[in-house]
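# Commentary on secondary and tertiary structure
Next come the chains, spelled out residue by residue.
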Amino acid sequence: MAAAKWAHLSHSVLETIFSFLDLTDLRSSSLVCKHWYKLLTDENNDVWRMHCIRKLAEEALKSDILSSAPTYKAKLRAFFHAWDPNECSRNIYIKPNGFTLHRNPVAQSTDAAKGKVGFRTGRHCWEVWWEGPLGTVAVIGIATKKAPVQCTGYVALLGSNSESWGWNLVDNHLLHNGDSQGNYPQLNNAPKYEKGERIRVILDCEDNTLAFERNYEFLGVAFRGLPDKKLYPAISAVYGNTEVSMVYLGHPLDG
């Protein structure tokens, strides 16, 4: 009887209660009844808004950095998938907004960063963009936990070993295991990357492929035959004071 009364509380009361639960408890609550499930699948209600306010920096919520994550729940999801401060080069720090990394001006060093969450199943999409000069090498892609995050010199660190795969935006080359895998995209006179341009990275762990989009145009599959390992969003950079942002979007939208 008590459970039935709980299930029929008004939305406003439930939203207030749910806004104080952690995410694990919210998942459990969504299984209690259809009423609660319907409320918690509304990604823009006060439950997710309050969680966003508590977890995310005000700067991130007020700027356009999360413009591609339209709902409060999507913004919260992006936060939990953002850059991992424990998986960055010592020459990189994460800015207070939580989504942008800053590479310090250290000479003769290439520095990398990875996301907090790696993927081994499913299909996933995230956006990456440079908010400063690229320098001689600027690579976006994926890496395993074993891939290094710093090395001496100015090199394409992401893609320099068997544990990472990358697209160098400076010369439009694909890189893996220290070798060029060809030009990308496969177009005559492919346009160069422009600062601030958002690149969508699409990882398909079912087909074991990595692909990219630019300006909502699918550029084709970049890598096939990816291993059955947990793969993390990653970048490597060489230019001093450059900044790179990353926002996880979830399941890619086909077409």
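Note that the structure is predicted; figures quoted are calculated from it, not measured. (Residues numbered from 1 in each chain as written. Predicted model: local features only at pLDDT ≥ 70, side-chain atom pairs only at ≥ 80, totals over all residues. Heavy atoms only, no water.)

## Some remarks on empty space enclosed by the protein
- The final tally for this structure, using the stated rule, is 1 cavity of 30 Å³ or more.
- Of the voids in this model, the largest cavity is the one considered here, and its volume is about 60 Å³.
- Lining the largest cavity, in full, are Ala112, Ala113, Lys114, Ala143, Ala147, Pro148, Leu157, Leu158, Asn161, Ser164, Ala234 and Ile235.
- Those elements that place two or more of their residues in the lining of the largest cavity are β4 (109-115) and β14 (232-237).
- At 3 residues, β4 tops the list of elements feeding residues into the lining of the largest cavity.
- For the lining of the largest cavity, the class distribution of residues is 9 nonpolar, 2 polar and 1 charged. (1 Å grid on protein atoms, 1.4 Å probe; cavity = no way out; pocket = protein on both sides within 12 Å on 5 of 7 lines; lining within 4 Å. Points joined across faces, edges and corners; volume = space filled by probe spheres on them. Helix = DSSP H or I, 4+ residues; strand = E, 2+ residues; numbered from the N terminus. Nonpolar A, V, L, I, M, F, W, Y, C, P; charged D, E, K, R; others polar.)

## Let's talk about the packing of aromatic side chains
- The final tally for this structure, using the stated rule, is 6 aromatic pairs.
- When the centroid spacing of 5.5 Å and the interplanar angle of 20° are considered together, the rings of phenylalanine 119 and tyrosine 248 count as stacked. One end of the pair, phenylalanine 119, is in the loop between β4 and β5 (123-130); the other, tyrosine 248, is in strand β15 (residues 243-250), with 129 residues separating them in the sequence. Pair check on accessibility: phenylalanine 119 and tyrosine 248 agree, each one buried.
- For the ring pair tryptophan 167 and phenylalanine 212, a centre distance of 5.0 Å and an interplane angle of 55° mean the geometry is tilted. One end of the pair, tryptophan 167, is in strand β8 (residues 164-168); the other, phenylalanine 212, is in strand β12 (residues 209-214), and 45 residues separate them in sequence. Phenylalanine 212 matches tryptophan 167 in its accessibility class, with the two residues each being buried.
- Taken together through their ring pairs, the aromatic side chains of Phe119, Trp126 and Tyr248 make up a single cluster.
- Positioned above the aromatic ring of phenylalanine 79, the side-chain terminus of lysine 116 is 4.4 Å from the ring centre. (Phe/Tyr/Trp six-rings, centres within 6.5 Å; stacked < 30°, edge-to-face > 60°. Buried < 20%, exposed > 50% of the residue type's maximum accessible area, 1.4 Å probe, protein only. Lys NZ or Arg CZ within 6 Å of the ring centre and 35° of its normal.)

## Details of the pattern of salt bridges
- In this structure the tally under the stated criterion is 11 salt bridges.
- Here lysine 114 and glutamate 87 are joined by a salt bridge, their closest N and O atoms 3.5 Å apart. With lysine 114 in strand β4 and glutamate 87 in strand β1 (residues 83-88), this residue pair connects regions lying 27 residues apart in the sequence. Taken as a pair, lysine 114 and glutamate 87 share a single burial class, namely buried.
- One salt bridge connects arginine 198 with glutamate 127, and the closest N-O pair in it is separated by 3.0 Å. One end of the pair, arginine 198, is in the loop between β10 (179-183) and β11 (199-204); the other, glutamate 127, is in strand β5, and 71 residues separate them in sequence.
- The class of glutamate 127 is buried, set by a relative accessible area of 2%. (Salt bridge = Lys/Arg side-chain N within 4 Å of Asp/Glu carboxyl O.)

## Digging into the sheet that holds strand β13 (residues 217-223)
- A sheet is described by the order of its strands in space; here 7 strands give the open sequence β2-β3-β15-β5-β11-β12-β13, paired in antiparallel fashion. Each edge of the open sheet carries a strand with a single partner, namely β2 (92-94) and β13. Going from strand to strand, the sheet's axes swing by 25° on average, the running direction of each strand aside.
- Inspection of the sheet shows strand β3 (residues 100-103) paired to β15 by 3 bridges, in the antiparallel sense. Bridging from a neighbouring strand, histidine 102 pairs with glutamate 243 of β15. (Pairing = 2+ DSSP bridges. Axes fitted to C-alpha atoms, helices over the stretch in contact; angles between N-to-C directions.)

## Section: the nonpolar core
- Core analysis: the largest hydrophobic core is formed by 58 residues, its most contacted members being Phe99, Trp130, Ile140 and Phe212.
- Of all hydrophobic cores here, the second largest spans 8 residues; its members include Ala143, Ala147, Leu158 and Val238. (Core = buried A, V, L, I, M, F, W, Y, C linked by side-chain atoms within 4.5 Å.)

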